[in-house]
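# Results of the structural survey
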Amino acid sequence: MPEATHTSALHAVRPIALRRRITDHVMTGAAVLTVILVLVPLFAIFAYLVYRGVGSINWAFLTQTPKPVGEAGGGMANAIVGSAFILALASILGVPVGVGAGIYLAEYGRNRFGDVIRFTADVLNGVPSIVIGIVAYAIVVLRQKHFSALAGGTALAIMMIPTITRTTEEMLLLVPNTLREAAYGLGVPRWRTTLSIVLRTATSGVITGVMLAFARVAGETAPLLFTAFGNQFWNWRLDQPTAALPLQIFTYAISPYDDWHRQAWAGALVLIILIVSAVAAVRYVVRRGTLGGVA
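Residues numbered from 1 in each chain as written. Predicted model: local features only at pLDDT ≥ 70, side-chain atom pairs only at ≥ 80, totals over all residues. Heavy atoms only, no water.

Another aspect to go through is the pattern of salt bridges. Within this structure, the stated rule accounts for seven salt bridges. Here Arg118 ties to Asp115 by a salt bridge, and the two come within 3.1 Å at their closest N and O atoms. With Arg118 and Asp115 both in helix 5 (residues 112–126) and three residues apart, this pair spans about one turn of that helix. A relative accessible area of 10% places Arg118 in the buried class. Between Arg166 and Glu169 there is a salt bridge, with the nearest N and O atoms lying 2.6 Å from each other. Of the two residues, Arg166 and Glu169 both sit in helix 7 (residues 149–173), three residues apart, roughly one turn of that helix. Three or more residues are tied together by salt bridges with common partners; here these are Asp115, Arg118, Asp122, Arg166 and Glu169. (Salt bridge = Lys/Arg side-chain N within 4 Å of Asp/Glu carboxyl O. Helix = DSSP H or I, 4+ residues; strand = E, 2+ residues; numbered from the N terminus. Buried < 20%, exposed > 50% of the residue type's maximum accessible area, 1.4 Å probe, protein only.)

And the structure:
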């Protein structure tokens, strides 16, 4: 018996074959290389934006509205606030629907109706944003008979919903069934188990999906061309055309004025910074605050 144990120990400490070690190093190197290939373009784009845009960012750019054509100066303050306004509206409309649909698919959607919802969400994820803009134009703008922030928020909300839905479903499916069974064993109703235990456990992952959808739509221009349309002045009303950073950047980029081109680069840099800051802030709150569930 001791001899068998000694033989087993020798087998346990047998050195790893050279071929396996080489394969391990090659695969690790390939993984690191792919990470570098992803990060280098991102850093290059951000560095170029900083190079072209940082010189045009000043207090006037952040606090003033655009100047008339041909007049130098001005800023994009109304577009910055307008983007925040439209994105907040899109989140209010899209997040509850997307999370609710994801909960249904994960907990109750193992049927034909659930398959239809999944297929629809996957198709919507691949629909060009300009088509979503045309749909929002038909649904909202034609009924209101004018462009508006509400139409822009609706278009972006439609784009957010499928991403949030599928991400929420996947995050909830990662929650172990033992948690559900333990709650059922204690007599907790299924709906309460889903909201108080399953959803709370997957909160971090769900919020990550929401922020991915938010970051995706934050820079969209095409849907807003058909809905929010843009505005050279301040607007705080839902039923009026509203400025947005992507729209302002597009307008300035296609203009023949060098000053507008410089402001377009500055606006693109501000847009990237705002998106990264918003995502980072939410992730920090999720990790440090009371919302940090198990992703």
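Moving on to unusual backbone geometry. Among all residues except glycine, the phi angle is most often negative; among peptide bonds, the trans geometry is most common. Even without being glycine, Lys145 reaches a positive phi, approximately 70 degrees. Within the secondary structure, Lys145 is located in the loop between helix 6 (129–144) and helix 7. Classification of Lys145 as exposed rests on a relative accessible area of 73%.

For the chain, the assigned domains are domain 1 (2–56) and domain 2 (59–292). The gap between the C-alpha centroids of domain 1 and domain 2 is 34 Å. Of the roughly 730 Å² buried between domain 1 and domain 2, counting both surfaces, carbon and sulfur atoms make up 79%. Linking domain 1 with domain 2 are zero salt bridges, by the criterion used here. (Domains from an automatic or database assignment. Buried area = accessible area lost by both parts, 1.4 Å probe.)

Nonpolar side chains tend toward joint burial in soluble globular proteins. If you look at the biggest cluster of nonpolar residues, it comprises 51 residues, and the most contacted ones within it are Ile86, Leu156, Met160, Ile164, Leu172, Leu224 and Leu245. For Ile164, the contacting residues outside a window of four places in its chain are Gly94, Val95, Gly98, Val99, Gly209, Val210 and Ala213. (Core = buried A, V, L, I, M, F, W, Y, C linked by side-chain atoms within 4.5 Å. Contact = heavy atoms within 4.5 Å.)

Attention shifts here to the packing of aromatic side chains. In this description, a pair of aromatic rings is defined by centroid distance and the angle of the planes. The full count for this structure, using the stated rule, is nine aromatic pairs. Taken together, a centroid distance of 5.4 Å and an interplanar angle of 85 degrees make the contact between Tyr48 and Trp265 edge-to-face. One end of the pair, Tyr48, is in helix 2 (residues 18–53); the other, Trp265, is in helix 13 (residues 258–288), with 217 residues separating them in the sequence. Given a relative accessible area of 40%, Tyr48 falls into the partly exposed group. Given the relative accessible area of 26%, Trp265 is considered partly exposed. Between Phe147 and Phe229, the ring centres sit 4.5 Å apart and the planes meet at 15 degrees, which makes this aromatic pair stacked. Taken together, the positions of Phe147 in the loop between helix 6 and helix 7 and Phe229 in the loop between helix 11 (222–225) and helix 12 (245–253) put the pair 82 residues apart, joining distant regions of the chain. Residue classification places Phe229 among the partly exposed residues on the basis of a relative accessible area of 48%. Through a chain of ring-to-ring contacts, the aromatic side chains of Tyr48, Tyr51 and Trp265 assemble into a single cluster. (Phe/Tyr/Trp six-rings, centres within 6.5 Å; stacked < 30°, edge-to-face > 60°.)

Further remarks concern helix 5. Here helix 5 spans 22 Å end to end across 15 residues, near enough to the 21 Å set by a 1.5 Å rise per residue. Of the positions making up helix 5, those classed as buried are Gly114, Arg118 and Ala121. Along the axis of helix 5, the buried residues cluster in a sector spanning 65 degrees; they form a single face. Away from its buried face by more than 90 degrees, helix 5 exposes Arg112, Phe113, Phe119 and Gly126. Contacts from the buried residues of helix 5 go to helix 4 (77–107) and helix 7. If you check the start of helix 5, you find a side-chain oxygen 3.2 Å away from the backbone N of Phe113, and it comes from Asn111. (Expected span 1.5 Å × (residues − 1). Arc of directions from axis to C-beta. Polar contact = N/O pair within 3.5 Å; in protein donor to acceptor, adjacent residues only side chain to side chain.)

Right, let's get into the layout of surface pockets. Of the volumes computed, that of the largest pocket is approximately 250 Å³. Around the largest pocket sit Leu39, Leu42, Phe43, Ile45, Phe46, Leu49, Ile272, Ile275 and Val276, which together line it. For the lining of the largest pocket, the secondary-structure elements that each account for two or more residues are helix 2 and helix 13. In terms of residue count, the dominant contributor to the lining of the largest pocket is helix 2 (six residues). Counting contributing residues, the lining of the largest pocket receives three or more from each of domain 1 (2–56) and domain 2 (59–292). (1 Å grid on protein atoms, 1.4 Å probe; cavity = no way out; pocket = protein on both sides within 12 Å on 5 of 7 lines; lining within 4 Å. Points joined across faces, edges and corners; volume = space filled by probe spheres on them.)

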